[in-house]
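Architecture at a glance
What follows is the residue order along each chain.
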Amino acid sequence: MSGPSTYNPKPGLMTWLDDRLPIIRLGYDSFVDYPTPRNLNYWWAFGGILTVFLMIQIITGITLAMHYIPHEDMAFNSIQRIVRDVPNGWLLQSMHANGASFFFIAVYIHMFRGLYYGSYKAPREILWILGVVIYLLMMATGFMGYVLPWGQMSYWGAMVITNLVGAIPFVGEAIREWLWGGFTVGQATLNRFFSLHYLLPFIIAAVVGLHIWALHVPGNGNPVGISVKTKKDTLPFHPYYTVKDGFAILLYLMIFCFFVFFMPNALGHADNFIEANALSTPSHIVPEWYYLPFYAILRAITFDIGPIDAKLGGVLAMFGAIAILFVLPWLDTSKVRSMRFRPLTRWFFIFFVVGALGLGYCGANNPDDIVFGGIKFLWLAQFLTFYYFAYFLLILPILGIVEKPKPRPASIEESVLGTSKA
Ligand code: HEM
């Protein structure tokens, strides 16, 4: 709630309730009179957008589960039945499948916003780490959800990813069988993935609760990265940010609706309209778009590194690319949060974003194909993987010490109104 409570319950029922369970006070202090920096821009609306999409996914998912059948002979057809025969089933299915993509678009924008404005720095390290936990849970949920329609890409995607675990020395094979619940991807795998895909969103919701708690203790960061000093630096959350966030949510929902109604399958893969067939491997197995950068990192390690063979190296690099985010608050040595005042680091950040998109492009293509001028996708992916790790392990630690930041305004109020004395 970021400050003492300002809630004054009306005498009678509200006071009675407040003395016993101050839940209205919690809501009021967190979302009505919550002091919010007055300079937040639209990049701060994505937390609210994410909350809406988590709710959309849970509601449409529960309803789809009423009609879906987690059986290897019936799963594929049960989705077709939902889309064709269940009243409004086409809408639920389209919202859920496209909702996953829009959830990931929003989470990537939310994360890059955090990287640019240094939202992960003290005192928001735990908030950031909880975000990375949410992101990992989202990846696991998305992966298991994609297996449920039991199309060709569902089946073979699950096969490729679960097989990666086999690269772990000594215990890998045993863990893989344990994940499968048998000796290959099959009925037992489908059943447990369905169970976990249903469970995980509720765990995500619980971690989001902690995430927002950890946000409301230090309060929001802001585009200039200066901490709130006086009341003049803030505005009450309602109506200022309920209206601003509401507007952004509506705009984002309109783009979402365009996909749901006019291009429901544009983000999917054509091969997933073919039922899973263990005897026919698709020529080109690709995961959903939101995993592509990590898939490119996985395939970029084609050489042994000392005692680590290439396959294990790829798996370690892929997981390392996410794990490194956990320690980011301690890798960036700069005292200045916002990159607005870090002229050099800002360029490296822009190249980092371009590099992440480039990795996604590499992940979608065959490593041996040519990007341009005789350069293979593999080489590009290797270069961008190197840059990805160098950004966190070399560039941020070194630039934080050597870069001379630009002068910053004295307060948030001054940065907006130009009034307070520097
Ligand atoms: C279901 C997913 C998520 C939800 C619902 C969510 C929700 C929110 C909300 C409502 C806010 C406050 C408004 C805003 O700053 O946008 C916020 C802030 C924040 N989130 Fe998330 N978040 C999610 C995922 C993540 C992830 C994956 C990360 C990073 C890995 C992350 C890192 C942060 C940080 C650092 C802030 C503070 C930003 C600042 O005030 O400067 N969040 N989140």
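Calculation criteria
- Residues numbered from 1 in each chain as written.
- Predicted model: local features only at pLDDT ≥ 70, side-chain atom pairs only at ≥ 80, totals over all residues.
- Heavy atoms only, no water.
- Helix = DSSP H or I, 4+ residues; strand = E, 2+ residues; numbered from the N terminus.
- Buried < 20%, exposed > 50% of the residue type's maximum accessible area, 1.4 Å probe, protein only.
- Donors = N, O, S within 2.8 Å, 3.2 Å for Na, K, Ca; no water.
- Tetrahedral: all angles 85-135°; square planar, octahedral: opposite > 155°, others 65-115°.
- Contact = heavy atoms within 4.5 Å.
- Near = heavy atom within 4 Å.
- Polar contact = N/O pair within 3.5 Å; in protein donor to acceptor, adjacent residues only side chain to side chain.
- Domains from an automatic or database assignment.
- Salt bridge = Lys/Arg side-chain N within 4 Å of Asp/Glu carboxyl O.
- Nonpolar A, V, L, I, M, F, W, Y, C, P; charged D, E, K, R; others polar.
- Expected span 1.5 Å × (residues − 1).
- Phe/Tyr/Trp six-rings, centres within 6.5 Å; stacked < 30°, edge-to-face > 60°.
- Lys NZ or Arg CZ within 6 Å of the ring centre and 35° of its normal.
- Axes fitted to C-alpha atoms, helices over the stretch in contact; angles between N-to-C directions.
- Parallel < 35°, antiparallel > 145°, perpendicular 65-115°, else oblique.
- Left-handed = near helix turned anticlockwise from the far one by under 90°.

The topology assignment puts Thr141 in helix 6 (residues 125-147). Judged by relative accessible area, which is 9%, Thr141 ranks as buried.

Once that is clear, we can look at the coordination of the iron atom of the ligand. Octahedral six-donor coordination of a metal ideally yields angles of 90 or 180 degrees, compared with 109.5 degrees for tetrahedral four-donor coordination. His110 (NE2) and His211 (NE2) make up the full set of protein donors to the iron atom of the ligand, lying at 2.0 to 2.1 Å. For the iron atom of the ligand, the six donor atoms in the first shell make angles of 81 to 178° at the metal, a pattern classed as octahedral. You can see His110 sitting in helix 5 (residues 89-116) and its partner His211 sitting in helix 9 (residues 187-216), a full 101 residues away along the chain. Residue His110 is classed as buried on the basis of its relative accessible area of 17%. On the basis of relative accessible area, His211 is assigned to the buried category, the value being 16%.

Attention now goes to the environment of Ser119. For Ser119, the position within the fold is in the loop between helix 5 and helix 6. Once the C-alpha coordinates of Ser119 and Gly221 are considered, the two residues, 102 residues apart in sequence, prove to be 6.2 Å apart. If near-sequence neighbours (up to four positions away) are discounted, Ser119 is found in contact with Arg113, Gly114 and Arg124.

Moving on: the site of the ligand. Surveying the vicinity of the ligand reveals 22 residues, the closest of which are Gly47, His110, Ser119, His211 and Gly221. For the ligand, an oxygen atom lies 3.0 Å from a polar atom in the side chain of Arg113. Take Gly221: an N or O atom from its main chain is 2.7 Å from an oxygen atom of the ligand. Listed by contribution, the elements that provide at least two residues to the shell around the ligand are helix 3 (46-65), helix 5, helix 6 and helix 9.

Here the residue pair Ala122 and Pro123 is connected by a cis peptide bond, since its omega of 5° sits within 30 degrees of zero. By the secondary structure assignment, Pro123 is in the loop between helix 5 and helix 6. In this model, His238 is joined to Pro239 through a cis peptide bond whose omega is 5°. Mapped onto the elements, Pro239 comes out in helix 10 (residues 237-262). We note that Trp150 has phi near 55°; this positive angle belongs to a residue other than glycine. Here Trp150 lies in the loop between helix 6 and helix 7 (152-164).

Before going further, it helps to examine the domain arrangement of the chain. Here the chain is described as being made up of domain 1 (38-285) and domain 2 (293-416). Centre-to-centre separation of domain 1 and domain 2, based on C-alpha positions: 23 Å. For the pair domain 1 and domain 2, the number of links is one salt bridge. Note that Asp332 is salt-bridged to Lys121, the shortest N-O span being 3.1 Å. Scanning the region where domain 1 abuts domain 2 turns up 14 residue pairs in polar contact (both at pLDDT 80 or more). Sorting the residues of the side of domain 1 that touches domain 2 by element identifies helix 5, helix 6 and helix 7 as the ones contributing at least two each. With eight residues, helix 6 is the largest single contributor of residues to the side of domain 1 that touches domain 2. Taken together, the residues that form the side of domain 1 that touches domain 2 break down as 26 nonpolar, eight polar and seven charged.

So, about the pattern of salt bridges. All told, the structure shown has six salt bridges when counted by the stated rule. Put simply, Arg25 and Asp18 hold a salt bridge, and the shortest N to O gap is 2.6 Å. Note on Asp18: relative accessible area 12%, which makes it buried. Residues Asp368 and Lys376 are paired through a salt bridge, measuring 3.8 Å at the closest nitrogen-oxygen approach. Here the residues in one salt-bridge network are Lys121, Asp332, Arg342 and Glu403, joined through shared partners.

All right, on to helix 3 then. The end-to-end C-alpha separation of helix 3 is 28 Å, in line with the 28 Å expected for 20 residues at 1.5 Å each. Among the residues of helix 3, Phe46, Ile49, Leu50, Val52, Phe53, Leu54, Ile56, Gln57, Ile58, Thr60 and Leu64 are the ones counted as buried. Buried positions along helix 3 lie against helix 4 (75-84), helix 5, helix 9 and helix 10.

For the coordinates displayed, the defined rule picks out 45 aromatic pairs. For the ring pair Phe352 and Tyr388, a centre distance of 5.4 Å and an interplane angle of 35° mean the geometry is tilted. Of this pair, Phe352 sits in helix 14 (residues 343-364) while Tyr388 is found in helix 15 (residues 377-402), placing the two residues 36 residues apart along the sequence. Members of the aromatic cluster, joined through ring pairs, are Trp44, Phe112, Tyr116, Tyr117, Phe349, Phe351, Phe352, Tyr387, Tyr388, Phe389, Tyr391 and Phe392. Arg113 extends its terminal NZ or CZ atom over the ring of Trp44, reaching a point 4.7 Å from the ring centre.

Tracing the backbone through its elements, the reader meets Leu331 in helix 13 (residues 328-331). When its relative accessible area of 18% is taken as the criterion, Leu331 is described as buried. Residues contacting Leu331, with those up to four places away along its chain left out, are Ile324, Phe392, Leu393, Leu396 and Pro397.

At a minimum axis distance of 9 Å, the contact between helix 3 and helix 10 shows a crossing angle of 50°. Our classification of the angle between helix 3 and helix 10 gives oblique. The chirality of how helix 3 crosses helix 10 is right-handed. Of the residues in helix 10, those in contact with Phe46, Gly48, Ile49, Val52, Phe53 and Ile56 of helix 3 are Ala248, Ile249, Tyr252, Leu253 and Phe256. Each residue belonging to the contact of helix 3 with helix 10 can be placed in one class, and the counts come to 10 nonpolar, one polar and no charged.

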